[in-house]
Structures are given as C-alpha cells and as structure tokens.
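Now for the letters of each chain:
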Amino acid sequence: MTPHPFDLTGRVALVTGGGRGLGFEMAKALAAAGARVILNGRTAATLEAAAAAIRGAGGQAEIAVFDASDAAGIDAAVDAVARRHGRLDVLIANVGQRNRKGMMDLSAAEVRGLVETDLVGPFLLARAAARKMILQARGRIVFVTSIAGPFIARGGDAAYPAAKAGLTGAMRAFAAELGPHGITVNAIAPGPFKTDSNSTRAMDPAEGARMAGRTMLKRWGEPAEIAGAAVFLASDAASFITAQSLVVDGGITASF
Ligand SMILES: NC(=O)c1ccc[n+]([C@@H]2O[C@H](COP(=O)([O-])OP(=O)(O)OC[C@H]3O[C@@H](n4cnc5c(N)ncnc54)[C@H](OP(=O)(O)O)[C@@H]3O)[C@@H](O)[C@H]2O)c1
C-alpha cells in the first residue's frame, strides 16, 4: 500500500497561535495525521494544556513560547525548531488580531500595531521558515487570512481587512519565489467561526443570527471545521496547489 496522501508522518509543523481557537484545531488535526506539532503562543500554561491534550490523544506535540509579531523572537524560535528536529516541514502562520474600528476612528498606532501582528509577523515567520525549507527543497507554508480583506469588507472594520489582503498578496509573491525550491505557499481564508475571539458576537442573538444567515449553511463554523483545510494544504495531496486561498466560510463569499 502507498501512504495515504494526507499522511503527515515524520513531518514537523509549527502552528502559531496553536494553544486555542482555530490554531489548536489545526494543530490537533496535523498531529492526528502523523505530524509532530510545535504549538506557539505567548502563554506557556495554555500551550502546555493544549500540547498535553494532543499527546493524550496519541499525538506528538511540544510548545514554543514567543510573540509571533516579534522579529527577533521569530528567528530564534524557528532556528530552535530546526536545530532540535533537523527540519521544518510545515508552517501554519495563524496568529491574527482584529480591531473593529472604522477608518476615521483608528489611530496611526492602532493601524501599525495591527499590521505588525497580522502582516509583518506572518511575513517574517514565513521567511524564517523558508530559509530552513529551502535547505530541504520542500515545505508547506499556510497563512491564515480571512474572507474580510482578500474577498469582502464592511464599514467599521478597516485595519484588519487591509492587513489580511496584504498578507494574501505576500502569499502569492512568496509562492512565486519559493516554488522553484519545492515549497508551496497558500492561505486558508476562514469565515465566521465560534472561537473565543468571536464568542461575544456569536452569542449575541441579533449578530449571531445575522452572520449565520449570511452563510449558505445558515450557521457559524465550529472551530474543528477548519482542520481539514490545514491537513490538506500541508500534505502531499496538495503538492501542485500553490498561491491559492482556500475559503472555508460556509458559502458567504459565493452568495448574494
Ligand atoms: N475566528 C474566526 O471566525 C476567524 C475568521 C476569520 C479569520 N480568522 C483568523 O484566524 C486566526 C485565528 O483566529 P482565532 O479566532 O482562532 O483566534 P483566537 O481564538 O483569538 O486565538 C488566538 C491564539 O493566538 C495566540 N496569540 C495571539 N497573539 C499572539 C502573538 N502575538 N504571538 C503568539 N501567539 C499569539 C493566543 O494565545 P496567547 O494570547 O496566549 O498568546 C491564542 O492562542 C486569526 O488570524 C484570525 O484573524 C478567524
């Protein structure tokens, strides 16, 4: 029997923001597919609990505490992973923050702060990972963007779509540069998921129903429903897919 095309046995995967929310679900699924996952976040206790849950289910997981928007921290952490495991096969650059303010209400510092986390951080992470992947002549880089920015936008939320659209441009440019090295670069663009960062909106009767109604499936996504996209893009099943956004949004962007 040839290995299953989604099999990730022997692969080393770094997932930023992997301690909870969509990052944790993606890390859990990568581990279930056989990868050794390194969970990143800024809170050791959260990461330890997440890694223990993955190990408890039979997976291989460890933690890497660093700020995924800090250039020095990124380089040191990626170097440490490559030193410890001799390789880095998959990067899921998942960390992102949101500041729901309109263009007139955002201070310059707020715009810069969001762009640092949502665009500059993933840019630098991907570059650090690519330096290792080029040596292996293979690798998978996946940015977690959003439908907001690359595809759609609304008033009162200006900086986040700007950064996520920028990250989509970086994804395409990196894919072009890294393709000759056997490295694919793609994005997962989620719609509304019931994670901690969205719980207030999901629980609000009016906003929860409005957002559910925008999807073709008439509901919010459960965090675990992001996981298949990550395993797919990280695996050999997606070996000829690069510079693409995989939209996981229950159909919002295709409806009107
Ligand atoms: N949830 C949705 O519906 C949705 C929709 C579209 C796009 N997205 C995107 O999907 C990604 C994940 O969203 P989520 O809702 O799962 O997020 P979340 O629940 O807020 O989880 C964020 C995780 O990232 C970590 N984190 C935050 N800032 C960090 C930093 N600077 N460095 C390292 N770790 C950091 C947090 O841990 P610590 O605070 O302990 O560091 C936490 O574990 C984001 O890029 C978001 O924009 C989400």
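Residues numbered from 1 in each chain as written. Predicted model: local features only at pLDDT ≥ 70, side-chain atom pairs only at ≥ 80, totals over all residues. Heavy atoms only, no water.

> What should I look at first to understand the packing of helix H1 (residues 21–32) against helix H8 (residues 227–234) in this one?
For the pair H1 and H8, interaxial distance at closest approach is 8 Å and the crossing angle is 50°. Classified by the angle between their axes, H1 and H8 sit oblique to one another. Between H1 and H8 lies a crossing whose hand is right-handed. In this structure, H1 contributes Glu25, Met26, Ala29 and Leu30 to the contact, and H8 contributes Ala227, Ala230, Val231 and Ala234. Among the residues forming the contact of H1 with H8, the class breakdown is 7 nonpolar, no polar and 1 charged. (Axes fitted to C-alpha atoms, helices over the stretch in contact; angles between N-to-C directions. Helix = DSSP H or I, 4+ residues; strand = E, 2+ residues; numbered from the N terminus. Parallel < 35°, antiparallel > 145°, perpendicular 65-115°, else oblique. Left-handed = near helix turned anticlockwise from the far one by under 90°. Contact = heavy atoms within 4.5 Å. Nonpolar A, V, L, I, M, F, W, Y, C, P; charged D, E, K, R; others polar.)

> Mind showing me how you'd approach the packing of aromatic side chains here?
Both the distance between ring centres and the angle between the ring planes are used here to describe each pair of aromatic rings. In the structure shown here, the tally under the stated rule is 3 aromatic pairs. Taken together, the ring pairs connect Phe123, Phe143 and Phe174 into an aromatic cluster. (Phe/Tyr/Trp six-rings, centres within 6.5 Å; stacked < 30°, edge-to-face > 60°.)

> So what exactly am I meant to see when it comes to the packing of H1 against helix H2 (residues 44–56) here?
In a pair of packed helices, the angle between the axes and the distance between the axes together describe the arrangement. One can describe the packing of H1 onto H2 by two numbers: an axis separation of 10 Å at closest approach and a directional angle of 30°. Comparing their axes, H2 and H1 come out roughly parallel. Read as a crossing pair, H1 and H2 show a hand that is right-handed. Here Phe24, Ala27, Lys28 and Ala31 of H1 come into contact with H2, specifically with Ala50, Ala53 and Ile54. Along the lines of polarity and charge, the residues of the contact of H1 with H2 split into 6 nonpolar, no polar and 1 charged.

> Can you help me understand the site of the ligand in this one?
Lining the immediate surroundings of the ligand are 27 residues, of which Thr43, Tyr160, Thr195, Ser197 and Asn198 lie closest. A distance of 2.8 Å separates a nitrogen atom of the ligand from a polar atom in the backbone of Ala68. One nitrogen or oxygen atom from the side chain of Tyr160 is found 2.7 Å from an oxygen atom belonging to the ligand. Computed on the free molecule, the ligand has an accessible area of 890 Å², of which 91% lies beneath the protein chains in the complex. When contributions to the shell around the ligand are tallied by element, the ones reaching two or more residues are H1, strand S2 (36–41) and helix H5 (159–178). Residue composition of the shell around the ligand, grouped by class: 9 nonpolar, 14 polar and 4 charged. (Near = heavy atom within 4 Å. Polar contact = N/O pair within 3.5 Å; in protein donor to acceptor, adjacent residues only side chain to side chain. Areas by Shrake-Rupley, 256 points an atom, 1.4 Å probe, with all protein chains shown as cover.)

> Explain unusual backbone geometry here, please?
Where the residue is not glycine, phi is negative for most of them; where a peptide bond is considered, it is trans in most cases. Even without a glycine there, the phi angle at Lys218 is positive, about 60°. Mapping Lys218 onto the fold places it in the loop between helix H7 (205–214) and H8. Assessed through its relative accessible area of 52%, Lys218 is described here as exposed. The phi torsion at Ala243 lies on the positive side, around 65°, for a residue other than glycine. Locating Ala243 in the fold gives a position in the loop between H8 and strand S7 (245–248). (Buried < 20%, exposed > 50% of the residue type's maximum accessible area, 1.4 Å probe, protein only.)

> Mind showing me how you'd approach helix H3 (residues 71–85) here?
An α-helix turns once per 3.6 residues; consequently, residues spaced three or four apart project the same way. Over its 15 residues, H3 runs 22 Å from end to end, which matches the ideal 21 Å to within 8%, given 1.5 Å per residue. Taken together, the buried positions of H3 are occupied by Gly73, Ile74, Ala77, Val78, Val81 and Ala82. Angular distribution of buried residues about the axis of H3 spans 155°; they occupy a single face of the element. Residues of H3 that are exposed and point over 90 degrees away from its buried face: Ala72 and Arg83. Each element contacted by the buried residues of H3 is listed here: strand S1 (12–15), S2 and helix H4 (108–136). Once H3 ends, the next one or two residues include Gly86, with phi positive near 75°. (Expected span 1.5 Å × (residues − 1). Arc of directions from axis to C-beta.)

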